[in-house]
Structures are given as C-alpha cells and as structure tokens.
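Read off the chains here:
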Amino acid sequence: MNAEIIAVGSELLLGQIVNTNARFLSQQLAELGINVYYHTVVGDNPQRLKDTIEIAESRSNLIIFTGGLGPTKDDLTKETIARHLNKQLIMDEQALQQIELYFERSNRIMTENNKKQAIILEDSQVLPNEHGMAPGMLLDADNLLYMLLPGPPKEMEPMFLKYGYSILRTKLHDEDVIVSRVLRFFGIGEAMLETEIEDLIDSQSNPTIAPLASDGEVTLRLTAKHNQMETALQLLDETEEAILSRVGNYFYGYDDTSLMNETIKLLNDQGLTISCAESLTGGMFQQEFTSIPGASAILKGGVVCYTNEVKANVLNVSEKTIKEEGVVSAQCALELAEKVSKLMNSDIGISFTGVAGPDQIEGKTIGTVYIGIFMKGQTVQVEELHFGGTRESIRTRSVKYGCYLLIKSLKRNQSAK
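Conventions adopted
Residues numbered from 1 in each chain as written. Predicted model: local features only at pLDDT ≥ 70, side-chain atom pairs only at ≥ 80, totals over all residues. Heavy atoms only, no water. Helix = DSSP H or I, 4+ residues; strand = E, 2+ residues; numbered from the N terminus. Expected span 1.5 Å × (residues − 1). Buried < 20%, exposed > 50% of the residue type's maximum accessible area, 1.4 Å probe, protein only. Arc of directions from axis to C-beta. Contact = heavy atoms within 4.5 Å. Pairing = 2+ DSSP bridges. Axes fitted to C-alpha atoms, helices over the stretch in contact; angles between N-to-C directions. Parallel < 35°, antiparallel > 145°, perpendicular 65-115°, else oblique. Left-handed = near helix turned anticlockwise from the far one by under 90°. Nonpolar A, V, L, I, M, F, W, Y, C, P; charged D, E, K, R; others polar. Core = buried A, V, L, I, M, F, W, Y, C linked by side-chain atoms within 4.5 Å. 1 Å grid on protein atoms, 1.4 Å probe; cavity = no way out; pocket = protein on both sides within 12 Å on 5 of 7 lines; lining within 4 Å. Points joined across faces, edges and corners; volume = space filled by probe spheres on them. UniProt positions renumbered as here; feature names shortened; annotations may be inferred. Phe/Tyr/Trp six-rings, centres within 6.5 Å; stacked < 30°, edge-to-face > 60°. Lys NZ or Arg CZ within 6 Å of the ring centre and 35° of its normal.

*Asks:* Explain helix α5 (residues 93-105) to me, using residue names and the numbers behind them.
*Replies:* In an α-helix, one full turn covers 3.6 residues, which means residues spaced three or four apart are oriented alike. When the terminal C-alpha atoms of α5 are compared, their 18 Å separation across 13 residues agrees well with the 18 Å that a helix rising 1.5 Å per residue should span. When α5 is considered as a whole, its buried residues turn out to be A95, L96, I99 and F103. The buried residues of α5 all sit within an arc of 105 degrees when viewed along its axis, so they share a single face. Residues of α5 that are exposed and point over 90 degrees away from its buried face: Q94, E104 and R105. If you follow the buried residues of α5, they end up packed against β4 (89-91). After α5 finishes, the residue N107 shows a positive phi value of roughly 55 degrees.

What follows is the structure in structure tokens.
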C-alpha cells in the first residue's frame, strides 16, 4: 500500500504552525509497512485542494487528510472530497451528540455552525473523536482509501492510534505483531553514527533501522515484525546488540526519554543531590531540571552567575583565576562547580561558562564552552567544547552536553560501587 499525506490549512503555508502531523503519521505508517512517498500541504482553497486530490489519486492508494474538518467556512476538506467523489454529506447523530456533550462538559454555548463538524461523508466509517469535536472518517471508493483526520495533534494522534491504525492493519490483512524500539544517542553526529552501522542499515529487512537527527541528538527506530511477539522482541534485541557493540558509548536511553530524564533517574537511584552554577546558560539547566516531577528532592539550588562580580562575591571564584585564566576557562569552570556544591551542600556541582555570542569574550571564539562537574570524594572533571550555530542553540546544546557528562559520570560511579 502506498500512502500520501495531505495537510490542509493556510496557516501551515504561512508558517504559523508546524506540520508535526505528517511526521507522526509517517512513523505510524512505517510500522504498518505502508510506504509514504509524498507529503503535501495545501491551503484552504477548494480548487487547489481538488487538484491536489487528483494528483494524489494518480500515485497513491491511501490518501490521509489532516485538517479542514472544523466549524468555520474555511474548513472545507470533506465538502471538497464529497463533490469530487460525488458523495452526499449526511449528519451523524452520534457525532452530534458527542459535540453537544462536549459543550455541556465545558459549560460553553454551542453555536449553530458547530453542527457542521458532525456532518460526514456517506458510506464512510466514522472514527470517533474522544479528545475534541470533529470525527474522522474512512471511505473506500474506487479501490482507493480516503482517511480524514482532524488537524489538532491532540485530537488526531489518539484518534489514529485507537482507530485508524487498527483499521488500516485490517485492510492489509496482516496478523503479524509489529513492535518498535527507539535507541537514543548523544555526542555523535548522524553522519558518523550511520557510517559506523552503515552495513547494518544497508542489509536491514526485519527489523528495519530508521535514523533520525534532532536537536543535537540522534535516534534509531528499530521495527520488527513477526507472528510471535517473543520472536519479534528477540529480533529487536539482536539488532540492538549489534548496534550498541559499535556505538554503545553514545547510547543513553530508550523511546521517549530525554537526557535530563535519565540524569534525574540516575541521581535519584544513587540518592545524590546536585546544584549548579550557570553563566552562559543563564538558568536553562535549572529550568529544564525543575520541569520534571520529583526534581525538588534532588536539586538543592543554583546560582545564575552571569557577571564576574557574582562569580567572585557569591561563589568565591579566586581573583587570580578571573585575572589570569579568565571567566571563560577550565579553571573557572572547575572552581564554579566545586564552590556551588559547597555553597548548596550538594553531592554534585555542575557549572557552565562560555561564549554564546554575539561577540567574543577574553579572546575566546563564539561557541567555546567549559562544563565542570564536581562530585564529593572525586576530582573535578572539566570538559572544553566548541559548538556552532546560533546563540540559543549553543546554550541548548551546552545544557544537553552537561546532562550527557553527568550521565557518564554517574554510570562510572555506579559501576565503581
């Protein structure tokens, strides 16, 4: 089965929102073994949408639409498809009841145009919307499948996972079990990781290996298929083992975890507390840390030491270091990590100092970063890094790299016990 995903909405073309729906659906369809060869975005214009549908029909046998099912006049997906396929639009009473109930629960007045969302294509199978109002639809016409889904991801994703996925799997007459596992890596680029496992990717069949780079990280999505769950999981285990035997030093976790999640988990498991001294990151590390539940039991506190005065007067970085080594230096990072740990009485201190831009500091180029990690009873570790990109990306990558270094240190600490 070959699929095409058509996102409907002028706001997508204007760049007002990002089309995350296409990425999500492509991942789900890949698990089903459905090929996705085209992503299309079209504005709220009936003629252009009709033209887009005709092109899709010429090259795909599954067309998935997202968006254009709402109550306003510019929501025209099902109307355009109805005219194109010569289908009637009919009121679905169950969907209408759901919409009325939605307004009752939220204590809002339902306007007449909201009834439009309960109108469906005749002969279509309704996909209930349990997180919003407009139902989805699946229509089989002239040996082509048309699936209509709402645009908001919070409505579309659960609808597809609960109803769309199983319906398509039934259409494929596939009884095999499909399981996926995501391996997450940091500290290695996408190109280098692919080079290290190129032969595994080239020879992939079952499981499949799909690389994806994002925000300085690389993920590998492994998908196995078999009529026995135990065998499918074994296939995943064998492929994972082959991959990690080559690039395991950069692996940090599975599926939807994050560097910060893994850092907090290791700290919690080892019963350790942490504090931080942030110069160039300006509190980003603490902000991300405290966004995760349970962080309050681990994070003692932190100092945003953006100025030399704060570094010297609050954290007691030596005058000699500031004058001779500079605040963007390994020695400064070392002292910041150790001093903040002592100030906050934490087991670990982490520091960030560097140059995010727009100008050089102390002759150091933009992107020069020093991260210090102090652990009681151990020597201070300082890492010198050089990042490219924007001011914001340098700061973001610094925080992530700080987590990565902490994970490595904590795992070594765990192994030593």
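After presenting the structure, the write-up continues.
*Asks:* Could you give an account of the sheet that holds strand β11 (residues 217-226), naming the residues involved and the relevant values?
*Replies:* Note on sheets: strands pair through backbone hydrogen bonds, and any given pair is parallel or antiparallel. Taken together, the four strands give an open sheet; going across it, the order is β10-β11-β9-β12, and neighbouring strands pair in antiparallel fashion. Here the strands that pair on one side only, and so sit at the sheet edges, are β10 (208-214) and β12 (251-254). Strand after strand, the sheet turns through a mean of 25 degrees between neighbouring axes, direction not considered. In the sheet, strand β9 (residues 177-186) pairs with β12 via three bridges, with the strands oriented antiparallel.

*Asks:* Which residues make up the packing of helix α3 (residues 46-57) against helix α4 (residues 77-85), and what values go with them?
*Replies:* The N-to-C vectors of α3 and α4 enclose an angle of 60 degrees; their axes lie 10 Å apart at closest approach. Relative to α4, the element α3 lies oblique. Here α3 and α4 pass one another in a crossing that is right-handed. Of the residues in α4, those touching α3 at P46, L49, K50, I53, E54 and E57 are T77, T80, I81, R83, H84 and L85. Taken together, the residues of the contact of α3 with α4 break down into five nonpolar, three polar and four charged.

*Asks:* I'd like a rundown of the nonpolar core, residues and numbers included.
*Replies:* Grouped together as the largest cluster of nonpolar side chains are 37 residues, with contacts concentrated most on I274, F285, F289, I348 and I350. At the level of secondary structure, the elements contributing two or more residues to this core comprise α10 (259-269), β13 (274-278), α11 (284-290), β15 (348-354), β16 (368-375) and α15 (391-416). In terms of residue count, the dominant contributor to this core is α15 (nine residues). Residue contacts for F289: discarding those within four places in its chain leaves M260, I264, L267, I274, A295, I298 and L299.

*Asks:* Which residues make up the layout of surface pockets, and what values go with them?
*Replies:* One number sums up the size of the largest pocket: a volume of about 930 Å³. Along its surface, the largest pocket is lined by 34 residues, and Q27, V182, L212, T219 and R221 are the ones closest to its centre. The biggest single contributor to the lining of the largest pocket is helix α2 (residues 20-32), with eight residues. Taken together, the residues of the lining of the largest pocket break down into twelve nonpolar, eleven polar and eleven charged. Volume-wise, the second largest pocket comes out at about 430 Å³. E11, G67, P150, G151 and P152 are, among the 30 residues lining the second largest pocket, the residues nearest its centre. Elements supplying a minimum of two residues to the lining of the second largest pocket: β1 (2-8), α1 (10-13), α2 and α6 (153-171).

*Asks:* If you had to explain the sheet that holds strand β8 (residues 144-149) to someone new, which residues and values would you point to?
*Replies:* The six strands are arranged β2-β1-β3-β8-β7-β6 in an open sheet whose pairing can be described as mixed. Two strands bound the open sheet, and with one partner strand each, they are β2 (35-42) and β6 (125-127). This sheet shows a mean twist of 20 degrees between the axes of neighbouring strands, independent of strand direction. Along the sheet face, α4 touches β1, β3 (62-66), β7 (136-141) and β8 and points at about 160 degrees away from the line of β8.

*Asks:* Give a detailed account of the packing of α10 against α15, specifying residues and quantitative values.
*Replies:* Pairs of packed helices are described in terms of their axes, by the angle between the two and the distance that separates them. Running from N to C, α10 and α15 cross one another at 30 degrees; their axes reach a closest spacing of 9 Å. Considered as vectors, α10 and α15 are oriented roughly parallel to each other. Where α10 crosses over α15, the handedness of that crossing is left-handed. Here L259, M260, E262, T263, L266 and L267 of α10 lie close against α15, whose contacting residues are V399, K400, C403, Y404, L406, I407, L410, K411 and Q414.

*Asks:* Explain the environment of Q228 to me, using residue names and the numbers behind them.
*Replies:* With respect to the helices, strands and loops of the structure, Q228 is situated in the loop between β11 and α9 (229-247). On the basis of relative accessibility, which here comes to 48%, the residue Q228 falls in the partly exposed class. As a C-alpha pair, Q228 and V177 span 51 residues in sequence and 6.5 Å in three-dimensional space.

*Asks:* Talk me through the UniProt feature "domain: MoaB/Mog" (unreviewed entry) in the chain; I want residue IDs and the actual numbers.
*Replies:* Here, the residues flagged by UniProt with the feature "domain: MoaB/Mog" (unreviewed entry) are residues 4-170. Its end C-alpha atoms 19 Å apart, residues 4-170 is made of 41% helix and 23% strand.

*Asks:* An account of the packing of aromatic side chains is needed here, citing residue identities and associated values.
*Replies:* Counting across every chain of the model gives eleven aromatic pairs. Taken together, a centroid distance of 6.4 Å and an interplanar angle of 85 degrees make the contact between F24 and F160 edge-to-face. Note that F24 is positioned in helix α2 and F160 in helix α6, a separation of 136 residues in sequence. Of the two residues examined, F24 and F160, each falls in the buried class. Among the aromatic side chains, those forming a connected cluster through ring pairs are F186, F387, Y401 and Y404. The ring of Y38 carries the charged tip of R59 above its face, separated from the ring centre by 3.5 Å.

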